[in-house]
Amino acid sequence: MSEPPPFQVIASRKLLPAVAGLTRPEQAVALAKALLAGGLDVMEITLRHPSSLDCIRAIVAEVPEMTIGAGTILLPHQVLDALKAGATFGVSPGFNPDTMITAIEEDLPFIPGVATGGEIEQAIAMGSTFVKFFPAEPLGGIQWLEAISGPYQQTGVRIVPMGGIRPRNLTAYTDLPIVAAAGGSWMAAPDLIRDGHWDEVTRLTKEALAILTGC
């Protein structure tokens, strides 16, 4: 079975920015344009601020080239909120079966968080082979992924590690066959958003993509 289009974009770019510093829709639009200028057309906005859904709506309306997802989806109703806002995929830091069921019922491509083999197996049993490993570095990072590859790579599961990933260790993650893409926030850090340093966002994005392509 082929992956949903948003997952295909994430896997082809090998990088998923997880954005947590947005407080206003106009910031979201400026950030999306800065990421696009850097060559990246996919991003995740975490639902950690009252304006997060408005930020997603603004990007959908004003930057249609951006593939936009909603992160930190913890509860079933947030799946519905994300869909209404126009998100094309959802991401969770953990594994909540009720949230997964809602995402399946509502046809929202969903990336559940996993930290154990048991959670990977639950995700696979529910039809999800695209999962997030979080927080990657504190939970073992590369060593965890190498160990988990043994029993699970043959299942077709693809993992998006997030948490502690930076330019210095980016390709150490993405070179692993089980890794679909790496997640990070450094190219869209809260201080860059707060201060409106969009040129720096673009520069860091270009740098990350150059690291991934070896250019």
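Criteria and thresholds
- Residues numbered from 1 in each chain as written.
- Predicted model: local features only at pLDDT ≥ 70, side-chain atom pairs only at ≥ 80, totals over all residues.
- Heavy atoms only, no water.
- Pairing = 2+ DSSP bridges.
- Helix = DSSP H or I, 4+ residues; strand = E, 2+ residues; numbered from the N terminus.
- Buried < 20%, exposed > 50% of the residue type's maximum accessible area, 1.4 Å probe, protein only.
- Core = buried A, V, L, I, M, F, W, Y, C linked by side-chain atoms within 4.5 Å.
- Contact = heavy atoms within 4.5 Å.

Just checking my understanding: could you explain the sheet that holds strand E4 (residues 89-91) for this structure?
Pairing between the strands of a sheet comes from backbone hydrogen bonds, and it takes one of two forms, parallel or antiparallel. Reading across the sheet, the six strands line up as E5-E4-E3-E2-E1-E9 and stay open at both edges, with parallel pairing between neighbours. With partners counted over all chains shown, the strands left at the sheet margins are strand E5 (110-111) and strand E9 (182-184), one partner each. Summarising the sheet, strand E2 (residues 42-46) and strand E3 (residues 67-71) pair through five bridges and their orientation is parallel. Bridge pairing in E3 links isoleucine 45 to alanine 70.

Looking at this model, I keep getting lost on the pairing of strand E7 (residues 130-133). Mind explaining?
On a regular strand, each side chain points to the face opposite its neighbour's, so the side chains alternate between the two faces of the sheet. The alternating pattern of E7 places Phe130 and Lys132 and Val131 and Phe133 on opposite faces, both of which are buried. Sheet analysis places strand E6 (residues 113-114) next to E7, joined by two bridges and oriented parallel. Looking at E7, one finds that glycine 113 is bridged to lysine 132. Judged from the four bridges that link them, E7 and strand E8 (residues 158-161) form a sheet pairing that is parallel. Its bridge partner being in E8, valine 131 is matched across the sheet by isoleucine 159.

Help me understand the nonpolar core, please; the structure alone is not making it clear to me.
It is characteristic of soluble globular proteins that their nonpolar side chains tend to be buried jointly. Formed by 75 residues in total, the largest nonpolar core has its most connected members in Ile10, Leu31, Met43, Ile59 and Leu145. No other element matches helix H2 (residues 25-37), which puts six residues into this core. When sequence neighbours within four positions are dropped, the list of residues in contact with isoleucine 59 reads Ala28, Val29, Ala32, Met43, Ile45, Pro64, Met66 and Ile68.

None of this, on its own, says anything about what the molecule does.
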